[in-house]
Structure formats: structure tokens, C-alpha cells
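Per-entry structural report
Listed below, chain by chain, are the residues.
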Amino acid sequence: MEIERFVNGYKKIDSDETRKAYRGYLKRFQVFLDEIGVSEEDVRPWHIKRFAEWVKKVMNFKTGSPGVSDTTVQSHLAAVSSYYNWRIEHNSELRNPAWEYKYHRTERPRKIRPLQ
């Protein structure tokens, strides 16, 4: 995967924090692909589904225990989708496997209280 070229060259990433986050999410995606023995060119929507399930169970570095929030899973999937969109910009014959997979939340969204 061309993670560094992507995070430094994709026009829609406009902050250092987003670059750092996407870099981490995509490195996890690469680890997942290596574990299942699939190249980035061969990823299909069912691989994206398996990745979402895999991410849901990985170590949460904030809490020190396994399991991350649905929001974190969706962030991983957004990074993967953006990566494939970037690849499509350079080769219109490619496709984005993340477009065909819709992640379904398992937990209720948190209500965010406005600052007072």
C-alpha cells in the first residue's frame, strides 16, 4: 500500500491530525490484509466487512482492553474508502470496495451535549 503517498498527497486531507489518524487506520488495514493473505487490488466488499469486524475486536489503546467504538470502526472504513478513492483518481479502471459495504452500528450513538 502507498500509505505515505496517500496521506501526503490526497487533497481532501487537510490537517496533520487527520493524516496521522488515516496513517494509523491504513496501517491496521495493511496488517489485516497481510493476516488474511489478500492484496489491496483483490479486496472485495466482504473483505471490508471482515475488516470492520476485525477492527471492532482489536486492542483499544485508550482503554487498554479489546474492543473499539462504532465511531472508531467507521473512521477506519472512511480512511480505507478515501484511500481507494485516491487510487481511482490515478487509475479510473479501479473500484472502491468500501462503496458496496454499509457498516451497521451495534451501539447507540452518543448524545453530544453543547458547550455552555
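Preceding this paragraph is the structure being described.
Everything in this summary refers to the structure shown in the same document. Per-chain numbering applies: the sequence of each chain, read as written, is numbered from 1 onward. Whole-chain, interface and lining totals are the exception, using all residues; otherwise, since this is a predicted model, local features are given only for residues with pLDDT of at least 70 and side-chain atom pairs are given and counted only at 80 or more. Side-chain metrics in this entry use all non-hydrogen atoms of the structure; hydrogen atoms and water are not considered.

Considering the overall build of the chain
Counting its regular elements, the chain contains 4 helices and 2 strands. Secondary structure follows DSSP: runs of H or I at least 4 residues long count as helices, runs of E at least 2 residues long count as strands, and numbering of each begins at the N terminus. Start at the N end of the chain and walk to the C end: the helices and strands fall as α-α-α-β-β-α. Each of the 116 residues in the chain was classed as buried or not, and the buried ones make up 36%. Whether two residues are in contact is decided by their heavy atoms, any of which lying within 4.5 Å being enough. The long-range fraction of contacts in the chain, counting pairs at least 24 apart against all pairs at least 6 apart in sequence, stands at 55%. Each accessible area is a Shrake-Rupley estimate made with a 1.4 Å probe; only the visible protein chains count as cover when residues are assessed. For the chain, the computed accessible surface area is about 8,000 Å², with 51% contributed by carbon and sulfur atoms. With a 1.4 Å probe rolled over the protein chains alone, any residue whose accessible area is under 20% of its type maximum counts as buried; one over 50% counts as exposed, and the rest are partly exposed.

Looking at the packing of aromatic side chains
Working definition: rings of Phe, Tyr and Trp (its six-membered ring) pair if their centres are within 6.5 Å, and the pair is stacked with planes under 30 degrees apart, edge-to-face with planes over 60 apart, and tilted otherwise. Throughout the structure, instances matching the rule amount to 12 aromatic pairs. Measuring from centroid to centroid gives 5.5 Å for F6 and Y83, while their planes differ by 80 degrees, and the two rings are edge-to-face. A residue pair is termed long-range when its members are at least 10 positions apart, and F6 in helix α1 (residues 3–9) and Y83 in helix α4 (residues 70–90) qualify at 77 residues. As far as the burial class goes, F6 and Y83 line up, both buried. Every member of this aromatic cluster is reached through a ring pair, and the members are F6, Y10, Y22, Y25, F29, F32, F51, W54, Y83, Y84 and W86.

Overview of the packing of helix α2 (residues 16–36) against α4
Packed helices, taken two at a time, are described by the angle their axes make and the gap between the axes. For every element, the axis is a line fit to its C-alpha atoms; helices are fit only across the contacting stretch, and the angle between N-to-C directions ranges from 0 to 180 degrees. The interhelical angle for the contact between α2 and α4, taken along N-to-C directions, is 85 degrees, at an axis separation of 9 Å. In terms of axis orientation, α2 runs roughly perpendicular to α4. Between α2, through Y22, Y25, L26, R28 and F29, and α4, the contact on the second element is made entirely by S75, H76, A78, A79, V80, S82, Y83 and Y84. Charged residues are taken to be Asp, Glu, Lys and Arg, nonpolar residues to be Ala, Val, Leu, Ile, Met, Phe, Trp, Tyr, Cys and Pro, and polar residues to be all remaining types, Gly included. Considering only residue class, the contact of α2 with α4 consists of 9 nonpolar, 3 polar and 1 charged. Note on angle classes: values under 35 degrees are labelled roughly parallel, values over 145 roughly antiparallel, values of 65 to 115 roughly perpendicular, and the remainder oblique.

Comments concerning the packing of α2 against helix α3 (residues 45–57)
Running from amino to carboxyl end, α2 crosses α3 at an angle of 110 degrees, the nearest separation of the two axes being 11 Å. Looking at the two axes, α2 sits roughly perpendicular to α3. Remark: the crossing between α2 and α3 carries right-handed chirality. Along the contact surface, α2 presents Y25, R28, F29, V31, F32, E35 and I36, while α3 presents H47, I48, R50, F51 and W54. When grouped by side-chain class, the residues that make up the contact of α2 with α3 number 8 nonpolar, 1 polar and 3 charged. Each helix crossing is assigned a hand: it is left-handed if the near helix lies turned anticlockwise from the far helix by less than a right angle, otherwise right-handed if that turn is clockwise.

A word on the pattern of salt bridges
Definition used for salt bridges: Asp or Glu carboxyl oxygen within 4 Å of a side-chain nitrogen of Lys or Arg. Applying the stated criterion across every chain, the model contains 8 salt bridges. For E2, the salt bridge goes to R5, with nearest N and O atoms at 2.3 Å. For R23, the salt bridge goes to E4, with nearest N and O atoms at 2.7 Å. Of this pair, R23 sits in helix α2 while E4 sits in helix α1, placing them 19 residues apart in sequence. Exposure remark for R23: the relative accessible area of 21% places this residue in the partly exposed category. A relative accessible area of 38% means that E4 is categorised as partly exposed. Sharing partners across several salt bridges, the network here consists of E40, E41 and R87.

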